[in-house]
Amino acid sequence: MPESTAVVAGETLVSVQAALEIAHGAYEQAMVQHGMLPASIRAIRELAEQNIQELENEE
């Protein structure tokens with residue numbers, strides 16, 4: 001089992017970072033399927049990562 005996962009009470013848990021990577025991948029794939037340009041997808045991911053960083057800094 002990768003270090004970013006754990007099984008607790010029969011449930012598979014992942015780290016916040018691993019969950020974010022999964023979500024980023026799903027959204028990027030959806031944007032590709034929708035026909036968005038690669039440059040737009042990169043820009044959106046960068047903005048999302050900045051927003052996440054700002055949220056982490058607030059804690």
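For the structure itself, consult the block above.
Criteria and thresholds
- Residues numbered from 1 in each chain as written.
- Predicted model: local features only at pLDDT ≥ 70, side-chain atom pairs only at ≥ 80, totals over all residues.
- Heavy atoms only, no water.
- Helix = DSSP H or I, 4+ residues; strand = E, 2+ residues; numbered from the N terminus.
- Expected span 1.5 Å × (residues − 1).
- Buried < 20%, exposed > 50% of the residue type's maximum accessible area, 1.4 Å probe, protein only.
- Arc of directions from axis to C-beta.
- Contact = heavy atoms within 4.5 Å.

J.: Can you tell me about helix α1 (residues 16-34), naming the residues and giving the values?
T.: Across its 19 residues, α1 extends 27 Å between first and last C-alpha, which sits within 8% of the 27 Å expected from 1.5 Å per residue. For α1, the complete set of buried residues consists of A18, H24 and M31. Looking straight down α1, one finds its buried side chains confined to an arc of 150°; they lie on one side. Exposed side chains of α1 directed beyond 90 degrees from the buried face belong to I22, Q33 and H34. Contacts from the buried residues of α1 go to β2 (11-14) and α2 (38-58). Following α1 by one or two positions, G35 has its phi on the positive side, about 100°.

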